[in-house]
Amino acid sequence: MPAKTAPAKTRLPERAKKVAKPKQPPTKYNSTSPERVQKILAGLAEMYPNAKCALHHSNAWELLVATILSAQCTDVRVNMVTPGLFKKYPTPADFAALKPEALEPDIRSTGFFRNKSKSIVGAAQKIMNEFGGKVPDEMEKLLTVPGVARKTANVVLGSWFGKAEGVVVDTHVHRISRRLELTTHDDARNIEQDLMRVIPRDQWIDFAHRVIWHGRALCVARKPKCVDCKLETVCHAADKTWSTVDIHKNAK
């Protein structure tokens, strides 16, 4: 009889080795990413769909004067002063004929009335002498008018002429743009440049109006009303009064 041979062993498939997946580095937080900026813009639009300039005016000259008066003064106070002021001096020509001292009593309650009187009378004279009595609608020309810096020029260009040449940076825009980490700068010029880079140009005018309203309604300087804010989930400000997200110590 032939010798018995051992049955061939069936080769079992090797157990698949587990290959560890490489760990993905955490996504770096980008405070000015288009996605985050869009969420901020959408939240502001939902809260303040009809936001507009709070300074009462019926023409470009009145808006220019009101904006000069609003420096270090509330819009409410300015709106109390301007009706009587424009009734007394209806046109730029009427202001141009004044000496600054004659205007001081009419605007005293807005503060810094001596400097404001000089600026307004100087602006009226410049507009009468060089621009035919009409407020210019170009940034370069506006900046040559006494009392007009970029903030005032942006207010007039945006609110009256509908031209987006820059972003208005008042105290509210300054403070809230830093809280939302859209800028780290502390001066108006650089803040404006940062905002112009990250906010779409067709949103520059509305963005400023809405942030100003937001600063008055909810995002107040002391004890902001975070629980009622639609930007709460994208805001990491160090001084939040209520938060569902991480706090960033430099967001202030």
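In this text, all values refer to a predicted model and were calculated from it rather than measured experimentally.

A. Focus on the pattern of salt bridges. In this structure the tally under the stated criterion is 12 salt bridges. When the shortest N-O distance is used, the salt bridge between Glu130 and Lys126 registers 3.1 Å. With a gap of 4 residues between them, Glu130 and Lys126 both fall in helix H6 (residues 113–130), about one helical turn apart. For Glu130, a relative accessible area of 52% puts it in the exposed group. Asp239 serves as the salt-bridge partner of Arg179, at 2.7 Å between the closest nitrogen and oxygen. Taken together, the residues Arg179 in helix H9 (residues 171–179) and Asp239 in the segment after helix H11 (204–217) connect sequence positions 60 residues apart. Judged by relative accessible area, which is 5%, Arg179 ranks as buried. For Asp239, a relative accessible area of 35% gives the class partly exposed.

B. Structural view of helix H5 (residues 100–107). Here H5 has its buried residues at Leu103, Glu104 and Ile107. The arc that holds every buried residue of H5, seen down its axis, measures 120 degrees, which confines them to one face. H5 presents Glu101 and Pro105 as exposed residues on the side facing more than 90 degrees away from its buried surface. For H5, the elements touching its buried residues are helix H2 (60–69), helix H3 (75–88), helix H4 (92–96) and H6.

C. Structural detail: the nonpolar core. Grouped together as the largest cluster of nonpolar side chains are 67 residues, with contacts concentrated most on Trp61, Leu85, Phe95, Leu103 and Phe207. Among the elements that take part in this core, H2 stands out by supplying 8 residues, more than any other. Setting aside chain neighbours within four positions, we find Leu85 in contact with Val65, Leu69, Phe95, Leu103, Asp106 and Ile107.

D. Structural detail: the environment of Ile40. Mapping Ile40 onto the fold places it in helix H1 (residues 34–47). Separated by 190 residues in sequence, Ile40 and Lys230 have C-alpha atoms that sit 8.7 Å apart. If we skip the residues at most four places from it in the chain, Ile40 touches Leu180, Leu182, Leu231 and Val234.

E. Focus on the packing of H2 against H6. Interaxial distance between H2 and H6 falls to 10 Å at its minimum, and their mutual angle equals 155 degrees. Between H2 and H6, the crossing angle belongs to the class labelled roughly antiparallel. As for the relative orientation of H2 and H6, their crossing is right-handed in sense. On H6, the residues touching Trp61, Leu64, Val65, Ile68 and Leu69 of H2 are Lys116, Ser119, Ile120, Ala123, Ala124 and Ile127. A breakdown of the residues in the contact of H2 with H6 according to their chemical character gives 9 nonpolar, 1 polar and 1 charged.

F. Region of interest: the environment of Val173. Considering the arrangement of structural elements, one finds Val173 in helix H9. Separated by 42 residues in sequence, Val173 and Gly215 have C-alpha atoms that sit 7.8 Å apart.

G. Highlighting the packing of H2 against H3. Look at H2 against H3: their axes get within 10 Å of each other, and the N-to-C directions meet at 135 degrees. Here H2 lies oblique to H3, going by the angle between them. Between H2 and H3 the crossing geometry is right-handed. For the pair formed by H2 and H3, the contact residues are Glu62, Val65, Ala66 and Leu69 on the first element and Val78, Thr82, Leu85 and Phe86 on the second. Residue classes in the contact of H2 with H3 are distributed as 6 nonpolar, 1 polar and 1 charged.

Criteria and thresholds
- Residues numbered from 1 in each chain as written.
- Predicted model: local features only at pLDDT ≥ 70, side-chain atom pairs only at ≥ 80, totals over all residues.
- Heavy atoms only, no water.
- Salt bridge = Lys/Arg side-chain N within 4 Å of Asp/Glu carboxyl O.
- Helix = DSSP H or I, 4+ residues; strand = E, 2+ residues; numbered from the N terminus.
- Buried < 20%, exposed > 50% of the residue type's maximum accessible area, 1.4 Å probe, protein only.
- Arc of directions from axis to C-beta.
- Contact = heavy atoms within 4.5 Å.
- Core = buried A, V, L, I, M, F, W, Y, C linked by side-chain atoms within 4.5 Å.
- Axes fitted to C-alpha atoms, helices over the stretch in contact; angles between N-to-C directions.
- Parallel < 35°, antiparallel > 145°, perpendicular 65-115°, else oblique.
- Left-handed = near helix turned anticlockwise from the far one by under 90°.
- Nonpolar A, V, L, I, M, F, W, Y, C, P; charged D, E, K, R; others polar.

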